[in-house]
Amino acid sequence: MTSPAAVLRPLTIGPHQVWPPVVLAPMAGITNVGFRQLCREQGGGIYVCEMITTVALVQRNPKTLRMIAFGADERPRSLQLYGTDPEITAQAVRIVAERDLADHIDLNFGCPVPKVTRRGGGSALPWRRRLFARLVRAAVDAASPAGVPVTVKMRKGIDDDHLTYVEAGLAAQDAGAAAVALHGRTAAQRYSGTADWDAIATLKQALDVPVLGNGDIWEADDALRMVAHTGVDGVVVGRGCLGRPWLFADLQAAFEGRPERRLPSLGEVAVTMRRHAELLVDQFTAGSRTPARGERDGCTDFRKHVAWYLKGFPVGSELRRDLAMIESLAQLDDLLGKLDAAEPFPVAALGQPRGRTNSPGKVFLPEGWLDSRDDDTVPEGAELDDSGG
């Protein structure tokens, strides 16, 4: 395989040079400060915080403001915004820029969940091409005075009969977007089937700004294959790193042309689990009135990760259950001590989907949504006030 160093330069996002050219996708309830730090300890890239809704930011929602948090050494600080109204989006971006809350803003046009698409948001919005272009332009104009680059993340379209990705990519580029990321699935596919890397290649050929590919990067070598197949300038990693933050070490090695890949034993995985929980406890303690509450909340947040870390390992159901119910670090330490530290990594789990998997389904849209591509009316009730997803 061609050396990635010969294929790729550092990913350029406005003034930011990123190597390796890897982006951690924002994931609700996952990509908080603690998880991002854990991943950054493995390798370089851009690590995006949980999605923030524009209306919640404009209204100074306390929960939303707490979610906009970054490590002291985290650069560039990357924030994804979800919005449907160009004016509200511009207000939110100005808040980010004027208060120096982030160094990079990504706009979410990829969310396929019904509560979003039935209001005309997320992956439904690019169908309304004039509204889409207005929204991206409003964000870029609001961010430009502070030198904050704006990027766009989207899907192929609503379904195979309503594809929008090339037209939307060109519109985003014309509106001043610094880069465009494409998840190679439609909204109707959700997280099922196989990502369409040919579509990603088509978009790369159509645009002058950097293009990032997203979809089915389960291992570092998948990223190299995507680059070779599509010519993209970088990759976006989501579900593949769940329970496997060392994937970013593998990606760093892969893009630097080094052959090593991590296959941690269960004992090494236990050390990573402990580090993850510790970082979450630190995060929640910083925002809590008492250390005891912070430890309990951090451990509670960690529980969802247990099954991902132990995927494929021969660990009994009772121990798995107990680990997924911890309330303290001491309890976690006791349970991790019961694992067989010498158990080798389950290589059969390599390359397998992780996290959300589901079947294709109907995309719920506002009544009459498909009737006009040029209607730029802001969809009624489309703004969400719940950040994170």
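Quantities reported herein were computed from a predicted structural model and do not represent experimental measurements.

This next bit is on the UniProt feature "binding site: FMN" (unreviewed entry) in the chain. This chain's UniProt record puts "binding site: FMN" (unreviewed entry) on P26, M27, A28, Q80, K153, H183, G238 and R239. Structurally, P26 is set in the loop between β3 (22-24) and α2 (33-40). Those residues within four positions of P26 in sequence are excluded, and the remaining contacts are T31, V48, C49, E50, M51 and Q80. By secondary structure assignment, the location of A28 is in the loop between β3 and α2.

On to the sheet that holds β3, then. Sheet architecture is open: nine strands sit in the order β4-β3-β11-β10-β9-β8-β7-β6-β5, paired in parallel fashion. Single-partner strands in this sheet number two, and they are β4 (46-47) and β5 (52-53). Where strand β10 (residues 211-214) lies against strand β11 (residues 234-237), three bridges are found, and the strand directions are parallel. If you follow G213 over to β11, its bridge partner there is V235. Running over the sheet, helix α7 (residues 129-143) touches β7 (104-109) and β8 (150-155) and is turned about 170 degrees from β7. Where helix α8 (residues 165-174) meets the sheet, its contacts fall on β8 and β9 (179-183), and the angle it forms with β8 comes to roughly 175 degrees.

We now examine a nonpolar patch on the surface. On the surface, a cluster of nonpolar side chains totalling about 240 Å² of accessible area is made up of L263, V347 and L350. Among the structural elements, L263 can be located in the loop between α11 (247-255) and α12 (266-286). For L263, a relative accessible area of 46% gives the class partly exposed.

Within strand β6 (residues 78-82), five of the five residues are buried, which leaves it mostly tucked inside the rest of the structure. Judged from the two bridges that link them, β5 and β6 form a sheet pairing that is parallel. The residue of β6 that forms the bridge with T53 is Y82. Of the pairings in the sheet, the one linking β6 to β7 comprises four bridges and is parallel in character. If you follow L81 over to β7, its bridge partner there is L107.

What counts and what doesn't
- Residues numbered from 1 in each chain as written.
- Predicted model: local features only at pLDDT ≥ 70, side-chain atom pairs only at ≥ 80, totals over all residues.
- Heavy atoms only, no water.
- UniProt positions renumbered as here; feature names shortened; annotations may be inferred.
- Helix = DSSP H or I, 4+ residues; strand = E, 2+ residues; numbered from the N terminus.
- Contact = heavy atoms within 4.5 Å.
- Pairing = 2+ DSSP bridges.
- Axes fitted to C-alpha atoms, helices over the stretch in contact; angles between N-to-C directions.
- Patch = residues over 30% accessible without salt bridge, like charges linked within 9 Å, V, L, I, M, F, W, Y side chains within 5 Å.
- Areas by Shrake-Rupley, 256 points an atom, 1.4 Å probe, with all protein chains shown as cover.
- Salt bridge = Lys/Arg side-chain N within 4 Å of Asp/Glu carboxyl O.
- Buried < 20%, exposed > 50% of the residue type's maximum accessible area, 1.4 Å probe, protein only.

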